[in-house]
Amino acid sequence: MKMITAIVPVVRQMVLITATAVVFPFSQSLAEPDTNIVWPNSQTSETTQNEVAAEPSAEALDITGNLGGEASDINSATDEELIIYPNASTLGQASSDENSLNPSDTLQTQPTTAVTRSAPTVTLNAKDPNAVRLATIGVETDAIGGLGRTMWQDSSVEDVMTIMTHLPERTASVTLDQLLRHIIISRAMPPQGGTQQANAYLAMRMEWLAARGQSEVMANFVRQLPQDQMWIEQGKFLIDHDLITRNDEDACRRAEEYRAIDEDEARAEYWSKIQVFCALRSGEDALAGFQLDLLQDRGVDDAMFYSLIRARLNGSVPNTPGDVRPTGLNIALMDLENILITPDLHSQMPISLGQSLASIGFVDPDTAYLQYGMSFHHRHHSLTDQMLAWPFIPEANIPVALAITQFSDQGLGARDPISDASQRIMLWQSLLKLDDAEEKLNITLLALQHDLDRISGEALAVWSPHLSASLGDMPPPSADLADDYDRAALLLAIAGMDLPDGYIASPRQMAWQELEAAVMAGSLSQEMLRDMDAQDAAPLLLRVGVSVSPLAETDRFTRRPQLAATGSRLDYPDTVMLAQHPVSKKPAETVMMIAAILGDMPLHQLDRDDAATLAGALYDAGLIRESRLFAIEIMRSWGGYRAGHMIEEKDATAS
């Protein structure tokens, strides 16, 4: 029997929390352990996030965008006084395949000519370095096409912030989601007017990150903020992040610096507790005990904090009172004492600390599923990396029959995507222990059918390992199972996965397997589209610069392709405004517009012409590789939905 095998190095527990509690005055997603699990070979490519860069040095901001300058209040200086932009005709930054999203190690592509934006000269006036410093805070990243230092140059900050208010929590496209993350986190020259509204512009970017639990990037941002009264709440977030991730030295240093300047008495209790912890950490037990007594005398109520600190002082085992205040310090202390973090406590923590909480190792199974579910929903890491960790989540030992029942239950009203994600992982994990290949195939097909409606084409990547494993373990199927077997093989082909050894692929399956290589190479034959029943995808392919051979005589009055027949139309004014948008001059703003227009619509619901409009805008913005990957995502979503729901194309004569 073929089995998924693994070589397990150190597996780091991940913790994800969902909550409405606020560390910032913002709205409120994680890291997985590294494992080496052997999956079926995949022909798909996947996005990876840019790593968070180290904290920048406090040097003057120069033409390369390095931060610096002494902190000062932002005055009424205009952008023209601070940043001298070049003429729009010289706008740009060259695109590079090496810096594109979704690189594929095995994919052979022909070179494509991207729309280039020549690198301009940008001069910064030192009149108000703090305005520039705040407006350009970000992470050092490599440019993706025209999404580099000057990607906002022709955009106004008012337009950018307006579009940001319409961004969805999660788009159905991995490619688009990664592009959106890139433009929001990257250090770049701000949009026009960005220095005048530096506080609001920066706060909105951090709000977007906080709502998705991107605490690693958030911490990077906050380390670049000036330490003054305006940013103390953000400073508290950073201290909590450092405490939870056991960067105690920095946490204590920053806490003392912030405490010294904080004029708000409402935070006095917070600073006092940190002082107690830091005194204990530095070996000043007597001082820590004295400060702890003072807190109790003042009537500060936090039973878990007192229990944990006194246990540290006298070496006893701490009590675990039922009422635990959800603070970063309490979470850090509980983890030090190996006290399990419950889902209830997790749910009260601000979601902005999502990635921070991933470093906690002592969680029960329910909390573990919650944290991994949040990671999946907010795409803290690539799906491949996340799935490597799923087999090692602490098991809840739920029977597979119960797991599929819970996952398939439609219930009443809208489903919670975090709960869906947690149940998805629970079912996925329970299928690993199922030995009956036929039962595994049936349950996987059922799970995939439901999941295509929820997360569209991304479901193909989630369930393909189980489809492949069940097909590989099955003997030649009986007549009753032959259709399901072939449908599973087609779904694998649509996902770009290898088919089982010895399986004789049909022309349709072979065409789907070759889709990515052909699209990225820039040319498809009509015969290939005909084999895929995907001739209606031609407008989408043409808009991303892929040549498609003309229709032939054999296509007249014959079977009509309906790959995109399940589509819904986007709002007409939005697509018209996108078509009128100067995308080549405003590449970053274009990415935002596409994400806002698409919203949370599943990709399989996209109408044929609307899909061409969205992908074409990416192409016209100079993001050629990314536009083609986006088109592949859409086509796989269309094909996966039709195959998963067993929707057959109609003959023209029967329609």
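Residues numbered from 1 in each chain as written. Predicted model: local features only at pLDDT ≥ 70, side-chain atom pairs only at ≥ 80, totals over all residues. Heavy atoms only, no water.

**Q** In this structure, what is going on with the overall build of the protein chain? I would like to understand it.
**A** Of regular secondary structure, the protein chain possesses 29 helices and 6 strands. The buried share of the protein chain, taken over its 655 residues, is 57%. (Helix = DSSP H or I, 4+ residues; strand = E, 2+ residues; numbered from the N terminus. Buried < 20%, exposed > 50% of the residue type's maximum accessible area, 1.4 Å probe, protein only.)

**Q** It is not clear to me how the packing of aromatic side chains should be interpreted in this structure. Could you clarify?
**A** The description of an aromatic ring pair rests on the distance of the ring centres and on the angle between the ring planes. Across all of its chains, the model carries 7 aromatic pairs by this definition. Linked through ring pairs, Y258, Y270 and W271 together constitute an aromatic cluster. Here the basic side chain of K273 rests over the ring of F305, its NZ or CZ set 5.5 Å away from the ring centre. Residue placement shows R454 over the ring face of F407; its charged tip is 4.5 Å from the ring centre. (Phe/Tyr/Trp six-rings, centres within 6.5 Å; stacked < 30°, edge-to-face > 60°. Lys NZ or Arg CZ within 6 Å of the ring centre and 35° of its normal.)

**Q** I tried to follow the packing of helix α19 (residues 437-455) against helix α21 (residues 479-494) on my own but got confused; where do I start?
**A** Packed helices, taken two at a time, are described by their axes: the angle between them and the distance between them. Relative orientation of the contacting elements α19 and α21 amounts to 55 degrees, with a least axis distance of 11 Å. When the axes of α19 and α21 are compared, the pair comes out oblique. Crossing angle aside, the handedness with which α19 passes α21 is left-handed. Seen from α19, the contacting residues are E438, L441, N442, L445 and L448; seen from α21, they are L481, D484, Y485, R487, A488 and L491. (Axes fitted to C-alpha atoms, helices over the stretch in contact; angles between N-to-C directions. Parallel < 35°, antiparallel > 145°, perpendicular 65-115°, else oblique. Left-handed = near helix turned anticlockwise from the far one by under 90°. Contact = heavy atoms within 4.5 Å.)

**Q** Please explain the state of the cysteines as it appears in this structure.
**A** Note on terminology: a disulfide is the covalent bond linking the sulfur atoms of two cysteines. Within the structure shown, the criterion is met by 1 disulfide. Bridging C252 to C278, the disulfide has an S-S length of 2.0 Å. For the disulfide bridge between C252 and C278, the dihedral angle about the S-S bond is near -95 degrees, and by the sign convention the bridge is left-handed. Residue C252 is found in helix α8 (residues 248-261), and its partner C278 is found in helix α9 (residues 268-281); the two are separated by 26 residues along the sequence. Of the two residues, C252 and C278, both sit in the buried class. (Disulfide = S-S within 2.5 Å.)

**Q** Any chance you could explain the side chain of Q386 here in plain terms?
**A** Inspection of the secondary structure assignment puts Q386 in helix α16 (residues 383-389). Side-chain polar atoms of Q386 contact the side chain of S375, separated by 3.4 Å. For Q386, the side chain forms a polar contact with the main-chain nitrogen of F376, separated by 3.1 Å. (Polar contact = N/O pair within 3.5 Å; in protein donor to acceptor, adjacent residues only side chain to side chain.)

**Q** Would you mind going over the environment of E257 with me for this structure?
**A** Within the fold, E257 resides in helix α8. Considering only alpha carbons, one finds E257 and Q227, 30 residues apart in sequence, at a separation of 8.0 Å.

**Q** I tried to follow a negative patch on the surface on my own but got confused; where do I start?
**A** Residues D435, D436, E438 and E439 make up a contiguous surface patch of negative charge. Looking at the element boundaries, D436 is found in the loop between α18 (417-431) and α19. Taking the relative accessible area as the measure of exposure, D436 reaches 40% and is therefore partly exposed. (Patch = residues over 30% accessible without salt bridge, like charges linked within 9 Å, V, L, I, M, F, W, Y side chains within 5 Å. Areas by Shrake-Rupley, 256 points an atom, 1.4 Å probe, with all protein chains shown as cover. Salt bridge = Lys/Arg side-chain N within 4 Å of Asp/Glu carboxyl O. Lys, Arg positive; Asp, Glu negative; His and termini not counted. Charge placed at Lys NZ, Arg CZ, Asp CG, Glu CD.)

**Q** Looking at this structure, how should I read unusual backbone geometry?
**A** If a residue is not glycine, its phi is most likely negative; likewise, a peptide bond is most likely trans. Unusually for a residue other than glycine, R379 sits at a positive phi of about 50 degrees. Considering the arrangement of structural elements, one finds R379 in the loop between α15 (365-378) and α16. With a phi close to 55 degrees, N397 is a non-glycine residue in the positive phi region. Within the fold, N397 resides in the loop between α16 and α17 (400-408).

**Q** What is the right way to read the confidence of the model for the protein chain from this model?
**A** Low-pLDDT stretches of the model should not have their predicted coordinates read in fine detail. On average, residues of the protein chain score 81 in pLDDT, and 78% of them are at 70 or above. Segment residues 1-76 is flagged for pLDDT under 50; beyond a separation of four residues in sequence, or across chains, it makes 267 contacts in the model. Note on residues 85-127: pLDDT under 50 across the span, and 108 contacts to partners over four residues away in sequence or across chains. (pLDDT = per-residue confidence, 0-100.)

**Q** Hey, could you run me through a nonpolar patch on the surface in this one?
**A** The grouping of L287, F290 and L294 at the surface amounts to a nonpolar patch, some 260 Å² of accessible area in total. In this fold, F290 is placed in helix α10 (residues 285-297).

**Q** Explanation requested: the environment of L336 in the structure shown.
**A** Position of L336 relative to the elements: it lies in helix α12 (residues 328-336). In sequence terms L336 and F362 are 26 residues apart; their C-alpha atoms lie 9.1 Å from each other. Excluding residues that lie within four positions of it along the chain, L336 makes contacts with R246 and R312.

**Q** Is there a simple way to explain the packing of α21 against helix α29 (residues 624-644) in this structure?
**A** Contact geometry of α21 with α29 gives a least axis separation of 9 Å together with a crossing angle of 175 degrees. Classed by the angle they form, the pair α21 and α29 counts as roughly antiparallel. Of the residues in α29, those touching α21 at R487, L490, L491 and I494 are R636, G639, G640, A643 and G644. Split by residue class, the contact of α21 with α29 holds 4 nonpolar, 3 polar and 2 charged. (Nonpolar A, V, L, I, M, F, W, Y, C, P; charged D, E, K, R; others polar.)

**Q** I would appreciate a short explanation of the pattern of salt bridges in the present structure.
**A** Side chains that differ in sign of charge can pair as their charged atoms come close. Counted by the stated rule, this structure contains 31 salt bridges. In this structure, E256 and R259 form a salt bridge, with 2.6 Å as the shortest nitrogen-oxygen distance. You can see E256 and its partner R259 sitting in helix α8, 3 residues apart, about one turn around the helix. Overall, the relative accessible area of 33% leaves R259 in the partly exposed class.

**Q** Explanation requested: α17 in the structure shown.
**A** An α-helical turn contains 3.6 residues, so any two residues separated by three or four positions project in the same direction. All of the buried residues in α17 are V400, A403, I404, F407 and S408. Buried residues in α17, looked at end-on, bunch into an arc of 120 degrees, giving them a common side. Those residues of α17 that are buried are in contact with α18, α19 and α20 (458-473). (Arc of directions from axis to C-beta.)

**Q** What should I look at first to understand helix α28 (residues 608-620) in this one?
**A** Compared with an ideal rise of 1.5 Å per residue, which puts 13 residues at 18 Å, α28 spans 18 Å between its outermost C-alpha atoms and is within 8% of the ideal. Buried residues of α28: D610, A611, A612, L614, A615, G616, A617 and L618, and no others. Lining the buried residues of α28 we find α4 (174-185), α25 (538-543), α26 (572-580), α27 (587-598) and α29. (Expected span 1.5 Å × (residues − 1).)

**Q** Would you mind going over the environment of P391 with me for this structure?
**A** Take P391: it is sitting in the loop between α16 and α17. Here P391 falls in the buried class, since its relative accessible area comes to 18%. As for P391 and W428, which are separated by 37 residues in sequence, their C-alpha atoms are 8.6 Å apart.

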